[in-house]
Amino acid sequence: MGAIVSLLLIIAIIGSIIYKYEVANRDGANDNDAVTGQVPTNVDEQEPPIDESVSNIEQPTVTPNEDEEIKEGNTVPTDVPKANANGNGTEGSKDKTNAPKENENVSIENGYIVGQQPAKEPKYVDNILIANKKYPLPATFNEGESATARAALDEMIAAAGQQGYTLIAFSGYRSYEYQTDLYNRYVNRDGKDAADRYSARPGYSEHQTGLTFDIGEKGKEALWLTSEFGETPAGKWLATNSHKYGFILRYPEGKEDVTGYMYESWHFRYLEGDTATKVYNAGVTLEEYLGIE
Ligand SMILES: [Zn+2]
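Residues numbered from 1 in each chain as written. Predicted model: local features only at pLDDT ≥ 70, side-chain atom pairs only at ≥ 80, totals over all residues.

Trainee: Help me get a handle on helix α4 (residues 176–190), residues and values and all.
Mentor: In this model α4 runs 21 Å from its N-terminal to its C-terminal C-alpha over 15 residues, within 8% of the 21 Å that 1.5 Å per residue would give. Inspection of α4 places Y176, Y178, Q179, L182, Y183 and Y186 among the buried residues, and these make up the whole buried set. The buried residues of α4 all sit within an arc of 160 degrees when viewed along its axis, so they share a single face. Immediately downstream of α4, the backbone of G191 shows phi near 90 degrees, a positive value. (Helix = DSSP H or I, 4+ residues; strand = E, 2+ residues; numbered from the N terminus. Expected span 1.5 Å × (residues − 1). Buried ≥ 20, exposed ≤ 12 C-beta atoms within 10 Å, placed from the backbone. Arc of directions from axis to C-beta.)

Structure below.
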C-alpha cells in the first residue's frame, strides 16, 4: 500500500515538473513578442502586433516610436493597424451584429457579450473551428500552430514568389496567455474602450486557433496591417489566389456587421480541404458560409 502511494506521488511530481517546463517554454517564447509599435489612436481593429515567433523569415528592422517601451532584443515593429479612411467598423455596427437576437436584454460592450463565461469547449461547425466575438476559445485551447496550415502557407508563399511577390507571415499563432498579456498591456496603456477597438480580448483572437496568419510583403512593411496592402498587386494576388492554398481573407471589406471586424487585407485563415475555395466562390464570409453569427 505504501509503495502504491509513493508511486502515485512520484507520478504527480513528474507531471507537475513537465507542466511547469512547458509553461516556462511557452512564456519564454512569448518574451519575443513584446509590443514595441506605434500607439494606435483611431484604429478600429482587432489586430495586434507582429508576432516574430511565428515567422521563420527574416524580419525587418524598424525603429519604434520614442514613446514606446522597448524590450531587450526586440527590433520588430508591432504596428497596430492604421485607421481605415472610410471609417468602417463602428461600434454601433458591431453591436447590432453581436447582440443575440433571441435575447434583447443581453448587453454588449465594445462588441462583446457582457458577462459571457469563458468557453469550456471549442466551437466547431461542420468540423471548422470557430473563433469570433460570439464564440471564444477556451483558455486551455493551446494546440500551437497547425503544421498543415504552415505547409499550405509555405506553398502559397512559394507560388507568390513565382509571381514576383515576396510575402511574409509576420504574425500567426498566439497563445491565450500571450493574448492576455498583450491585451492587458494595451488596456493599461490606452484604456479598455480603446484597446477593444484594435486588440482582441483573450480567447477571442482567431490567431489562437493556430490556423491564421497575418501576411504582408517584404520591402513594404509600412503597409503591413493596413487596408492599403489590399490595393497592392501582392495584396490583390493574395485576395484572389489564397483560396487555392486553403486560405480565406477572413475579414473582407464591407462585412463588419457580419464578422465584427473591419476590413483586414492581411489576415488569412486556413480551412481544410477545398472549403476555402467554396467560401471564396460563394463570395461570403465564413460566418455566412456556415450560417452562424
Ligand atoms: Zn490577424
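Trainee: Can you explain the sheet that holds strand β8 (residues 267–270)? Please cite residues and give values.
Mentor: With antiparallel pairing, 4 strands are arranged side by side in an open sheet as β5-β6-β8-β7. At either end of the open sheet lies a strand with only one pairing partner, and these are β5 (167–171) and β7 (247–249). Along the sheet, successive strands turn relative to each other by an average axial angle of 40 degrees, direction set aside. Here β7 pairs with β8 via 3 bridges, running antiparallel. Its bridge partner being in β8, F247 is matched across the sheet by Y270. (Pairing = 2+ DSSP bridges. Axes fitted to C-alpha atoms, helices over the stretch in contact; angles between N-to-C directions.)

Trainee: Account for unusual backbone geometry, with residues named and values stated.
Mentor: Despite not being glycine, N127 shows a phi value in the positive range, around 65 degrees. Checked against the element boundaries, N127 lands in the loop between β3 (123–125) and β4 (128–130). The residue L225 is not glycine, and still its phi comes out positive at about 65 degrees.

Trainee: Could you give me a rundown of the environment of N142, with the residues and numbers involved?
Mentor: With respect to the helices and strands, N142 occurs in the loop between β4 and α3 (147–162). By C-beta crowding, N142 is classed as partly exposed, having 15 other C-beta atoms within 10 Å. Contacts of N142, omitting those with residues within four sequence positions, involve S175 and Y176. (Contact = placed C-beta atoms within 7 Å.)

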